[in-house]
Structures are given as structure tokens and as C-alpha cells.
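# Structural features, examined
The chain contents come next:
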Amino acid sequence: MTPPTRRRRSRRAAAFRAVRRAPVAFGAVLVAVVLGAVAGAGRDRAATGDLALPLIAAVAAVAVAVYTSVRRRRRTRTRTTPGGRGPTVVSLDELDRRARRLLVETDDCVRTSREELRWAAAQLGDEAIRGYAQALEDAASELAAAFGMRQRLDEGEGGARALLEEIVARCGAAGRRLDAQAPGFDGARALERTAREALERAEARSRESVARVAQTDDTLTGLRERYALSACLPVAGHQDVAEDRLSFATSCLHQGRRAAERGETGVATALLRAAEAAVGQADLLAAGVARLVSALTAAADALPGALTAMETDLAQAASEPARTDLRTRTAQGRVLVAELRREPGREGVADGKDASGDRKAAAEREAEDREAADRGVLDPVGALRRIEEVTAGLDRASQRRPEGAPALDRLDRALLVARGSVGAAADYVTTHRGAVGCEARTRLAEAERRLHAAERAGTPGSAAPAPAAALSDAREADAFGRQARQLAERDVRTYGTPYGEGLWTGGAVLGGILLDAPVRPGGPGDGGPASYGGPATRARRGGGDLFRRRKKADDRI
């Protein structure tokens, strides 16, 4: 039995529809009457003039009816209420989830494309891949703009919906650029036709990487002996991850060669792509260790000048009118200078003892001093960071702007620190991107943007920022880089260990070398290797079954 309220709503709806259709019905009846009159008037020419006014009225009625009907249909198409047939408005939460997913997905596509592009350049030369490189840079520019909008959104700037919709649009544009180039890129590399030669090149590169990573082990041992733990943290875990990637690459190359001998070029190509990506990540991690060694050496050389400049700033601050904030900053600076200038090997000398009276003890202490001086400050990069932080506090407290040569010297030191933290974060995100989420990538993108802005200050002929602004950008780049690393490490811890019993692909999935298998049929990817391209093409090589199998005994390294 139909409830009374529903019957009343049905009657009201019917009445409303009747009212809406009344102008059309009235117009139709009026036109019929007028046409009948015109037909009768055809027999009486004298009555024709009397029909002009009714005819005009009929035309006006029809026009009103048509206008009302068109307006009603247009309003029905564009309405967003549940009863309408028009497009529904996506909720803000759903739009936010979509934007986050697309940022991560597009960032993965750009990183994977950049990795394979290096192999293509080694194979074909830079000129042959110029168009694909340009498409990648265009996609990277769109992605950088999208990450900038995400950063603004996280900081509470602008309208959320407008920013999220723009992020979605830019990520879509970046992905389409790469997707459009993927077929031509495959044709240029022609891995299916040259699988044997490509495997030989990858094996040679893998052997070079194995030697480089082995040398990195000795380098890390020296760093740990010479510097504090904090100085070595940017490359923590590099050795283990690099060895894991090389082990995976060696296995893939071995299986790929066997597949090529059997004539299974599709299988060989999929295994080759996985091996190429793994070797590339091992090289990236080894390069990160070399970069840290260079940064620590440069920081140790720059530290004496930084301390002298800071002492000059402290003396200048002492001559200014005393203020509470300035006195606090000055005291912090003096403590830091005393800590960094403390003579190593002098602790424990009894008060009142004349060192010159005991030649043997003096000689021993002098030897200790030389050994400690050779070791230098335990974390020179961290020391430069602390000096810049205190000096920036002095600038704010004394209301001064750094200018001239001293400001440019400070900028060089700040850039040295920022490049280290941003580079370390980028290496970590790249080699763990299978687990790293949107927030860490957004902070990394902001760190890279700030670093590029600061570096323009030393570029002749560019619209360089003032030294004070460049210094601020360099400090922010360092801070965002360290934050990105912390967030990425948190994501990896949440993701958990990728290594299951008997499985050999966990590290490759964690590194984004292998795509996650879909949770449902028809999902993106099949667990195979990622390739140059956007979201629609990066999984085109397939091969997921090759990597989901347990590694056979004869495939072990």
C-alpha cells in the first residue's frame, strides 16, 4: 500500500509538470485555431486583414513556450541536486585522495622515465633521444607545478578545490605527454630486436657497478672512522641497498640471457628492463656516498673561514645597543664558537701544571693534537649548518640584511649544506619510491625548488635574488630536504619489510623497479618492470609472472 505522503508528493509532482507544460499546450492549441481561421479566410479575401493580430499572438505564444522549455531543460542538465541528471560534484575528500594518488603516480613515471632515458642515451646518443628528453622535461615541469600547488595547499594558501583540480589537471597533462612518446621511444631502443646486445651492455655496466659498490664499502669504513655518526647518516643503508639491487640485477640478467637463447625476446626484454633499473639505483647510491665525501671535505675547508666570519659578527653585535634577543643570540654564538674551536686533546690537563716543564708529556699531547686535527671537526657539514642558523638569528635580532662579499661567502656555505640534504633525500625517495607517499615527495619538490632559486644568485645574467633572499632559500631548502628524508623514512617503516621467505623481488618492489600487482583484474600493471612512459604505458612490457615466482635454486647467485 502506498503511503499517503508519497501519494500527495506524486499528485503535486504531476500538477507541477502540468503547469510547466501549459505554455507549450496553449501555444499548440492557439496555432491550430489560427491556422483553421487562415484556411477559412482563404475563401474570403476581405477577412484576411482581420487575422493579422491573432497570427502575431500565436507566434508570440509559441516563442514563449519554446523559450520556457529550453530553459527548463538546460536547468535540468546543469543541476547538481540528487534528483538531477547532471554531473555530480566530487567531494573535497575524494578530490584530495585523487590528487595525492596522481602526484605519487606521476612522480614515479617521471623518475622511471629519467632512469631509462639514461640507458637510451648510452645506447643511441643524446641527439637520438632529444625529443623524448624534451617530453620528459615538459612532464617534469608540469609535475613540479603540481607539487608547488600541493605545498601551498598544505600551508593553508588558496582555495582547496581550485588547487586540487589544478593538481589533477597538471598530473594528467604530464602523464599524457609521456604516454604519447612511449611507442616512439620503444621503437628507437628496439630492445626486442637487439636483446642480446642490450643484455651484454647491461652485464658490462653491472660489473662496473659491482666494483664501484665494493669500493664504496671501504669509503664508508673510512668515513665512520673519521667523522661522527651524524655526518654519515645521509648515506645510512646505502651499501646494503646497493648490494641488494645488484643481486637482483645479476639474477635478472642471468635469466634474461637464458630467455634470449630460447628465443623468448619478450621475456628477455622484461628481465632486461628490471636489471637496468636495479643497476641504475646501485650506481645512484654509490654516487651518493662519493658526494658526501666531497661535501665533508669542502665543509672542513670552509669551516675556519665560517668561524672567523661569525666572530666578526659577534663582535659587531656586542657594539650595538643591548637588547634581550640580541644578547641571547650573541651568547649562543659564543658558545658555539667555543665548542667548535675547542683544542682537541687538551682535556684532562691539571690546573697549574706547566706543560713546558715536562717535554715528554708535551710531545705526547702535541702528537694527540695533530691526530685530532687530522680528524678535524666530527661533523663539518653539521657545524656549518649550526653556524648559519646562529648567524641568521643574529641578523634578525640586529635587524640587518647580509650584503656584499660576506653574504656571498655565507651563501656558498649554505648551498653546500643544502645540496647535501636535498641530494640525500632525493636518493632515498628514488630508491624507496615503492613505499614513499605524497607528503615526503611534496617536501622534496619544495626543497628542490628553493635550492634552484638560491643557486640563481650566483648565476651571471640571471634574475638572481638578493643575497638575503638567496640565503633564506638555501636554509629553507636544507630544512625541507631533511624533513622530506624523515617523512620518507617514516613511510618505509610503515610499509614494512619487503622481503618474504623465499622471495627475491622485495627490494625491487620497494625501489619502484617492479610495479605492484593489481588488487583486481584490469588494474594498473601486473607486477612487471616499469618503463619510460606515463600511467597508461609504463607497465606495457608486462612480465609480472616472471617476478612473482619463487626464485629457483639454479637462479641463485
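Quick notes on the rules
Residues numbered from 1 in each chain as written. Predicted model: local features only at pLDDT ≥ 70, side-chain atom pairs only at ≥ 80, totals over all residues. Heavy atoms only, no water. Helix = DSSP H or I, 4+ residues; strand = E, 2+ residues; numbered from the N terminus. Buried < 20%, exposed > 50% of the residue type's maximum accessible area, 1.4 Å probe, protein only. Contact = heavy atoms within 4.5 Å. Areas by Shrake-Rupley, 256 points an atom, 1.4 Å probe, with all protein chains shown as cover. Axes fitted to C-alpha atoms, helices over the stretch in contact; angles between N-to-C directions. Parallel < 35°, antiparallel > 145°, perpendicular 65-115°, else oblique. Left-handed = near helix turned anticlockwise from the far one by under 90°. Nonpolar A, V, L, I, M, F, W, Y, C, P; charged D, E, K, R; others polar. Phe/Tyr/Trp six-rings, centres within 6.5 Å; stacked < 30°, edge-to-face > 60°. Lys NZ or Arg CZ within 6 Å of the ring centre and 35° of its normal. Expected span 1.5 Å × (residues − 1). Patch = residues over 30% accessible without salt bridge, like charges linked within 9 Å, V, L, I, M, F, W, Y side chains within 5 Å. Salt bridge = Lys/Arg side-chain N within 4 Å of Asp/Glu carboxyl O. Lys, Arg positive; Asp, Glu negative; His and termini not counted. Charge placed at Lys NZ, Arg CZ, Asp CG, Glu CD. 1 Å grid on protein atoms, 1.4 Å probe; cavity = no way out; pocket = protein on both sides within 12 Å on 5 of 7 lines; lining within 4 Å. Points joined across faces, edges and corners; volume = space filled by probe spheres on them. Bend = angle between axes of the 7 residues up to and from the residue. Core = buried A, V, L, I, M, F, W, Y, C linked by side-chain atoms within 4.5 Å.

### What to know about the overall build of the protein chain
Each helix and strand counted, the protein chain has 17 helices and zero strands in total. In the protein chain, which comprises 557 residues, the share counted as buried stands at 42%. Partitioning the contacts of the protein chain with sequence separation of at least 6, the portion at a separation of at least 24 is 76%. For the protein chain, the computed accessible surface area is about 29700 Å², with 54% contributed by carbon and sulfur atoms.

### Considerations on the packing of helix α10 (residues 324-341) against helix α12 (residues 380-398)
Contact geometry of α10 with α12 gives a least axis separation of 9 Å together with a crossing angle of 160°. Taken as axis vectors, α10 and α12 run roughly antiparallel relative to one another. Relative to α12, α10 is oriented so that their crossing is left-handed. Facing α10, whose interface residues are D325, L326, R329, T330, Q332, G333, L336, E339 and L340, α12 presents A383, R386, I387, V390, G393, L394, R396, A397 and S398. Residue composition of the contact of α10 with α12, grouped by class: eight nonpolar, five polar and five charged.

### What to know about the packing of aromatic side chains
Each aromatic ring pair is characterised by the separation of its centres together with the angle its planes make. Applying the stated criterion across every chain, the model contains four aromatic pairs. Plain terms: the ring middles of Y132 and F185 are 5.6 Å apart, the flat faces sit at 85° to each other, and that makes the pair edge-to-face. Linking Y132 in helix α4 (residues 130-154) with F185 in helix α5 (residues 160-189), this pair joins segments that are 53 residues apart in sequence. F185 carries the same exposure label as Y132, and that label is buried. Between F248 and F547, the aromatic rings sit 6.2 Å apart at their centres with planes inclined by 35°, giving tilted as the arrangement. Linking F248 in helix α8 (residues 238-261) with F547 in helix α17 (residues 544-548), this pair joins segments that are 299 residues apart in sequence. The exposure classification of F248 matches that of F547, with both residues buried. Put simply, the rings of Y132, F185 and Y532 pair up and form one aromatic cluster. When the ring centre of W119 is taken as origin, the NZ or CZ atom of R205, which lies over that ring, is 4.5 Å away.

### Quick notes on helix α15 (residues 467-495)
The end-to-end C-alpha distance of α15 is 42 Å, a good match for the 42 Å that 29 residues give at a rise of 1.5 Å each. Two residues or fewer past α15, G496 is found with a positive phi of approximately 90°.

### Some details on a negative patch on the surface
A surface patch of like charges, here negative, comprises D217, D218, D240 and E243. Secondary structure elements with two or more residues in the negative patch: α6 (195-226) and α8. Mapped onto the secondary structure, D217 falls in helix α6.

### A closer look at the pattern of salt bridges
Applying the stated criterion across every chain, the model contains 46 salt bridges. Note that R177 is salt-bridged to D138, the shortest N-O span being 3.6 Å. With R177 in helix α5 and D138 in helix α4, the pair connects residues that are 39 residues apart, well separated along the chain. The partner of R262 in a salt bridge is E264, with the nearest N and O atoms 3.1 Å apart. Overall, the relative accessible area of 33% leaves E264 in the partly exposed class.

### Considerations on the environment of A424
As for its position among the elements, A424 is in helix α13 (residues 404-431). In this structure, the C-alpha to C-alpha distance between A424 and G288, residues 136 residues apart in sequence, is 6.9 Å. If we skip the residues at most four places from it in the chain, A424 touches P234, R291 and R485.

### A look at the packing of α13 against helix α14 (residues 438-455)
The interhelical angle for the contact between α13 and α14, taken along N-to-C directions, is 150°, at an axis separation of 10 Å. Relative to α14, α13 is oriented roughly antiparallel. For the crossing formed where α13 meets α14, the hand is left-handed. Counting all contacts with α13, which are made through L411, L415, A418, R419, V422, A425, A426 and V429, the residues of α14 involved are R441, L444, A447, E448, L451, A454 and E455.

### Let's talk about unusual backbone geometry
The phi angle at A190 is positive, at roughly 50°, despite the residue not being glycine. When you line up the elements, A190 lands in the loop between α5 and α6. Here Q399, not a glycine, exhibits a phi torsion of approximately 55°, which is positive. Secondary-structure assignment places Q399 in the loop between α12 and α13. Judged by its relative accessible area of 72%, Q399 is exposed.

### Describing the layout of surface pockets
Where empty space is left becomes clear once a probe the size of a water molecule has been rolled over the atoms. Empty space within the largest pocket amounts to approximately 830 Å³. What lines the largest pocket is a set of 32 residues, and nearest its centre among them are V110, R111, R114, A426 and E448. Contributing elements (two or more residues each) for the lining of the largest pocket: α3 (92-124), α4, α9 (265-318), α13 and α14. In terms of residues, the lining of the largest pocket owes the most to one element, α14, which gives nine residues. Taken together, the residues that form the lining of the largest pocket break down as twelve nonpolar, six polar and 14 charged.

### Description of the environment of G305
Secondary-structure assignment places G305 in helix α9. Looking at G305, the relative accessible area reads 39%, which means it is partly exposed. The spatial distance from the C-alpha of G305 to the C-alpha of R410 is 9.7 Å, given a sequence separation of 105 residues.

### A look at α9
Over its 54 residues, α9 runs 75 Å from end to end, which matches the ideal 80 Å to within 8%, given 1.5 Å per residue. The largest bend in α9 comes to about 40°, at A302, with the proline P304 one to four residues further on.

### Examining the nonpolar core
Grouped together as the largest cluster of nonpolar side chains are 32 residues, with contacts concentrated most on L103, L117, I167, L178 and Y532. For this core, the secondary structure elements donating two or more residues are α3, α4, α5 and α14. With near-sequence residues (within four places) excluded, I167 lies in contact with A99, L103, A146, M149 and R150.

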